[in-house]
Protein chains: 2
Amino acid sequence: MSANSRLTIAAHALAWIGLYQRQGHEVATSEQIATSANTNPVVIRRLLGELRRAGLVESRRGVGAGWSLARELESMTLLDVYEAVEPGPLFAMHRTTPDQECVVGHGIQPTMQRIYEGIEQTLRHELAGVTLENVLQDVLATPR
Amino acid sequence: MSANSRLTIAAHALAWIGLYQRQGHEVATSEQIATSANTNPVVIRRLLGELRRAGLVESRRGVGAGWSLARELESMTLLDVYEAVEPGPLFAMHRTTPDQECVVGHGIQPTMQRIYEGIEQTLRHELAGVTLENVLQDVLATPR
DNA sequence: CCAGTCGTAACAGTTATTGTTGCAACAGAC
DNA sequence: GTCTGTTGCAACAATAACTGTTACGACTGG
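A quick note: this is a predicted structure, and the numbers were derived from the prediction, not measured.

(A) Quick peek at unusual backbone geometry. Located in the positive-phi region is N38 of chain A, a residue other than glycine, with phi close to 60 degrees. For N38 of chain A, the location among the structural elements is in the loop between helix 2 (30-37) and helix 3 (41-53).

As structure tokens, then:
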């Protein structure tokens, strides 16, 4: 599985913005978040753009521009973030259609499809059980 | 998520060998399996090689060579297959270490790590609940 | 010795992710 | 009205993983 870090970075960004706003600031810049995540501001803007499309954050342009939360961290779950930044399914089918003349080739795809759907459903349920507020609290509780 | 088809193809191969053996044959060739899965025999041999390392199948060389199950399909679960063919974790951390001077940068990795471990544990449990015999029966029950 | 199959290395094509540069668009400050 | 700092976005390179393919040595029953 060639795992990516999109969910991790997106959660990082949201926790960062949330904490920054609680410290009295209105907006956070992609530059600041990128420094914390040790990556490029464009990477952050790309991810936050997807979170904006999902209604999780808002952006302002012009001078004093930046990003702010569109709702409270308590009302955002990792499932919201996952759905915003992870398009595809967890497991893929065959890249070419298996031999439909063969009993196994014919039945394998519907069978695996059903199994995978059940697993993704469980994954979603799991992700829905963690709010970004949970994440931030856990982060703040990490011993120095 | 750049999903791959390794678990799907591996399950396909195991179901195929299992059915073929029930039809009275001793061994299946990578060529036969590849025809059913509509792929290249080397792809099958690579995957079956990993399954052999995990103790799920055996191979014979020489004339009349091929692959056979090392245990009954009833005793093999998708978790066994998953662990044999999927090395990495589901979600990745940051590719570079986040800023340890930042509260969020410092706490985010242990936090996400814990969350991801819980999710993978659930995934394993789910996969462990499906045997390859379940898969084969479901395949055979697929309407033509 | 022969034939058929595995075992494995090597390489190409494709795709996704991440990082990077560059620049237009925008909006507040002066 | 211009300046300034930021977003929005396109384009591209580097890297990595997966899949498919070719090639050929190793093995073993006949």
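(B) The interface of chain B and chain A, seen in detail. Counting residues at the interface gives 58 residues for chain B, matched by 58 residues for chain A. Connecting chain B to chain A are 22 residue pairs in polar contact (both at pLDDT 80 or more). For the side of chain B that touches chain A, the secondary structure elements donating two or more residues are helix 1 (6-22), helix 2 (30-37), helix 4 (78-85), helix 5 (103-128) and helix 6 (132-140) of chain B. Sort the elements by how many residues they give to the side of chain B that touches chain A and helix 5 of chain B lands first, with 18 residues. When its residues are assigned to classes, the side of chain B that touches chain A shows 34 nonpolar, 18 polar and six charged.

(C) Layout of the packing of aromatic side chains. Going through the model one piece at a time under the given rule, you end up with six aromatic pairs over all chains. Put simply, the rings of Y82 of chain A together with F91 and Y116 of chain B touch in pairs and so form one group of aromatic residues.

(D) Quick look at the relation of the copies chain B and chain A. Expressed as a screw operation, the relation of chain B to chain A combines 0.0 Å of axial shift with a rotation of 180 degrees, fitting to an RMSD of 0.1 Å. Taken together, the rotation angle and the small translation identify this as a two-fold axis. For chain B, the minimum C-alpha distance to the rotation axis belongs to S2 of chain B and amounts to 3.0 Å.

(E) A look at the pairing of strand 2 (residues 66-69) of chain B. Residue and element names in this part refer to chain B. Across the two faces of strand 2 the burial is the same, with G66 and S68 and W67 and L69 all buried. Bridge count for strand 1 (residues 57-60) against strand 2 is four bridges, and the pairing is antiparallel. When the bridges of strand 2 are listed, E58 appears paired with S68. Between strand 1 and strand 2, which pair antiparallel and follow one another directly, the connecting turn spans five residues, one of which, G62, has a positive phi of 80 degrees.

(F) Region of interest: the protein's contact with DNA strand C. Not every one of the 28 residues close to DNA strand C is listed here, only the nearest: S5 and T39 of chain A together with S30, R52 and R95 of chain B. Backbone atoms, meaning sugar plus phosphate, form 57% of the atoms of DNA strand C positioned within 4 Å of the protein. Here R45 of chain B contributes a side-chain N or O atom positioned 3.1 Å from a base nitrogen of DNA strand C. A distance of 3.5 Å separates a base nitrogen of DNA strand C from a polar side-chain atom of R46 of chain B. The biggest single contributor to the surface near DNA strand C is helix 3 (residues 41-53) of chain B, with four residues. Residues of the surface near DNA strand C, tallied by class, amount to eight nonpolar, 11 polar and nine charged.

(G) Structural detail: the protein's contact with DNA strand D. Near DNA strand D there are 29 residues, and of these R52, S59 and R95 of chain A together with S5 and T39 of chain B occur at the shortest range. In DNA strand D, atoms within 4 Å of the protein come from the sugar-phosphate backbone in 60% of cases. In the environment of DNA strand D, a base nitrogen lies 3.3 Å from a nitrogen or oxygen atom belonging to the backbone of G62 of chain A. Within the side chain of W67 of chain A, an N or O atom sits 3.0 Å from a phosphate oxygen of DNA strand D. Listing elements by their share of the surface near DNA strand D, those giving two or more residues are helix 3, strand 1 (57-60) and strand 2 (66-69) of chain A together with helix 3 of chain B. In terms of residue class, the surface near DNA strand D is made up of eight nonpolar, 11 polar and 10 charged.

Reading guide: rules and limits
Residues numbered from 1 in each chain as written. Chains lettered and ligands numbered in written order. Predicted model: local features only at pLDDT ≥ 70, side-chain atom pairs only at ≥ 80, totals over all residues. Heavy atoms only, no water. Helix = DSSP H or I, 4+ residues; strand = E, 2+ residues; numbered from the N terminus. Contact = heavy atoms within 4.5 Å. Polar contact = N/O pair within 3.5 Å; in protein donor to acceptor, adjacent residues only side chain to side chain. Nonpolar A, V, L, I, M, F, W, Y, C, P; charged D, E, K, R; others polar. Phe/Tyr/Trp six-rings, centres within 6.5 Å; stacked < 30°, edge-to-face > 60°. Least-squares fit on C-alpha atoms with pLDDT ≥ 70 in both. Buried < 20%, exposed > 50% of the residue type's maximum accessible area, 1.4 Å probe, protein only. Pairing = 2+ DSSP bridges. Near = heavy atom within 4 Å.

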